[in-house]
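So you can see what is in the structure, the chains are spelled out below.
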Amino acid sequence: MKFTVVSAVLAAGCCLGMKTASYASVALSPILEKRDAYSCYGSTNTSVSDCEKVLDTIRNDTQQDIRLYSNVCAVWNEGACNIRFCAQPFVSKPVVRSAEWLVTYITSPLLDGCISKGSMGVISDNPNINSHTGTYRLWVS
């Protein structure tokens, strides 16, 4: 299991073939906040079981909070599963999320709603996933 922090300029979502974002509804409110949106896109052969191993690593990390500065990503890889949690360019303060938050959002909707159906997934705290607005993007591919 590898955990890496990288600084990268990421391609805009439009280049990844993303489609319309799905907005959180009242039925999903325990998992997604109203401002959050996610999208499934493309196709992948990513194994849910590989991603569950990554979730175990994130959950068991002794550093329970992940703090990312502008344009910095935390990256986890296991088998065919690749997870990237990135701070958007131009954020003025660090993006801080707990390990439990990451596990929750990766599990649902990204694993349950995208990966298990053969698609990659991305979630954001802004409904315009293809832009640089908001503070983070969380990809599973």
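Source: prediction; values computed, not measured.

Conventions we followed
- Residues numbered from 1 in each chain as written.
- Predicted model: local features only at pLDDT ≥ 70, side-chain atom pairs only at ≥ 80, totals over all residues.
- Heavy atoms only, no water.
- Buried < 20%, exposed > 50% of the residue type's maximum accessible area, 1.4 Å probe, protein only.
- Helix = DSSP H or I, 4+ residues; strand = E, 2+ residues; numbered from the N terminus.
- Pairing = 2+ DSSP bridges.
- Disulfide = S-S within 2.5 Å.
- Phe/Tyr/Trp six-rings, centres within 6.5 Å; stacked < 30°, edge-to-face > 60°.
- Lys NZ or Arg CZ within 6 Å of the ring centre and 35° of its normal.
- Lys, Arg positive; Asp, Glu negative; His and termini not counted.
- Salt bridge = Lys/Arg side-chain N within 4 Å of Asp/Glu carboxyl O.
- Contact = heavy atoms within 4.5 Å.

**Let's talk about the pairing of strand β6 (residues 81–87)**
So, step 1. Most of β6 is tucked away, with five of its seven residues classed as buried.
So, step 2. Sheet topology places strand β5 (residues 72–78) next to β6; six bridges connect them, and they run antiparallel. Of the residues in β6, the one forming a bridge with E78 is C81.
So, step 3. Following β5, the chain reverses through two residues before pairing antiparallel with β6; G79 in that reversal takes a positive phi of roughly 55°.
So, step 4. Pairing geometry for β6 and strand β9 (residues 136–140), over five bridges, is antiparallel. Looking across to β9, one finds that F85 is bridged to L138.

**Comments concerning the state of the cysteines**
So, step 1. Evaluation of the coordinates by the stated rule reveals three disulfides.
So, step 2. Sulfur-sulfur distance for the disulfide between C40 and C114 comes to 1.9 Å. Judged by the sign of its S-S torsion, about -75°, the bond between C40 and C114 is left-handed. One end of the pair, C40, is in strand β3 (residues 37–41); the other, C114, is in helix α2 (residues 99–114), and 74 residues separate them in sequence.
So, step 3. The exposure class of C40 is partly exposed, given its relative accessible area of 26%.
So, step 4. If the cysteines joined by disulfides in the chain are listed in sequence order, their pairing comes out as 1-6, 2-4, 3-5.

**Some words on the packing of aromatic side chains**
So, step 1. On inspection of all chains with the given rule, the structure shows four aromatic pairs.
So, step 2. Judged by centre distance (5.9 Å) and plane angle (45°), the ring pair of F85 and W101 falls under tilted. Of this pair, F85 sits in strand β6 while W101 sits in helix α2, placing them 16 residues apart in sequence. Taken as a pair, F85 and W101 share a single burial class, namely buried.
So, step 3. Taking 5.3 Å as the distance between ring centres and 85° as the angle between the ring planes, the aromatic pair formed by W101 and Y136 counts as edge-to-face. Remark: Y136 occurs in strand β9 and W101 occurs in helix α2; sequence separation between them is 35 residues. Residue W101 shares its accessibility class with Y136, and that shared class is buried.
So, step 4. Through a chain of ring-to-ring contacts, the aromatic side chains of F85, W101, Y105 and Y136 assemble into a single cluster.
So, step 5. A cation over an aromatic ring shows up here: R84 above the ring of W139, its NZ or CZ 4.4 Å from the ring centre.
So, step 6. Over the aromatic face of W101 sits the side chain of R97, whose NZ or CZ is 5.0 Å from the ring centroid.

**Quick look at the side chain of D50**
So, step 1. Take D50: it is sitting in helix α1 (residues 48–60).
So, step 2. Buried charge D50 goes without a salt bridge, the closest partner of opposite sign being K53 at 4.0 Å.
So, step 3. Not counting residues within four places of it along the chain, the set of residues in contact with D50 comprises E78, G79, A80 and C81.

**Considering the pairing of strand β4 (residues 65–68)**
So, step 1. Burial along β4 is one-sided: I66 and L68 are buried, and none of D65 and R67, which face the opposite way, are.
So, step 2. As paired strands, β4 and strand β7 (residues 95–98) are joined by four bridges and run antiparallel to one another. Bridged to D65 within β7 is S98.

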